Amino acid sequence: LEAIEGVVESLEKLSNYFSIVFISRLKGFHHGSKVRFVKKHFPFMSGFVGTHEKWILNDSVVAIIDDQQYNLKGFDFQKRIWFN
């Protein structure tokens, strides 16, 4: 897999102002491969959190960017960014 065009550069610029932490929904045995992917493409990230319930981190994030609308439920409306 490769990162979506422009995402690495955009998040790297944001990392000058915010900590970039990936929150990934865990399913099956893909935890290790997800961590390796983000470490490879986003070496500037501050951390990785694997959870089945992303919304429990609502009070810990400035913004949540996700490509699945259902993952944004539970986050404050002004923190949601849907990447379509």
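Calculation notes
Residues numbered from 1 in each chain as written. Predicted model: local features only at pLDDT ≥ 70, side-chain atom pairs only at ≥ 80, totals over all residues. Heavy atoms only, no water. Helix = DSSP H or I, 4+ residues; strand = E, 2+ residues; numbered from the N terminus. Buried < 20%, exposed > 50% of the residue type's maximum accessible area, 1.4 Å probe, protein only. Contact = heavy atoms within 4.5 Å. Areas by Shrake-Rupley, 256 points an atom, 1.4 Å probe, with all protein chains shown as cover. Lys, Arg positive; Asp, Glu negative; His and termini not counted. Charge placed at Lys NZ, Arg CZ, Asp CG, Glu CD. Pairing = 2+ DSSP bridges. Right-handed = clockwise from strand over helix to strand, strands pointing away.

**Student:** So what exactly am I meant to see when it comes to the overall build of the protein chain here?
**Tutor:** Helix and strand counts for the protein chain come out as 3 helices and 4 strands. Along the protein chain, from the amino end to the carboxyl end, the secondary structure elements read α-β-α-β-β-α-β. Out of the 84 residues in the protein chain, the part that is buried amounts to 29%. Sequence separation of 24 or more characterises 48% of the internal contacts of the protein chain that already satisfy a separation of 6 or more. Accessible surface computed for the protein chain: about 6,400 Å², of which carbon and sulfur atoms make up 55%. Of the charged side chains in the protein chain, 11 are positive and 9 negative, and the gap between their average positions amounts to 6 Å.

**Student:** Would you mind showing me how to read the pairing of strand β1 (residues 21–25) here?
**Tutor:** Within a regular beta strand, the side chains point alternately toward one face of the sheet and then the other, so they alternate between its two faces. Of the pairings in the sheet, the one linking β1 to strand β2 (residues 47–51) comprises 5 bridges and is parallel in character. Looking across to β2, one finds that F22 is bridged to F48. Regarding the hand of the β-α-β motif, the stretch spanning β1, helix α2 (residues 31–41) and β2 is right-handed.

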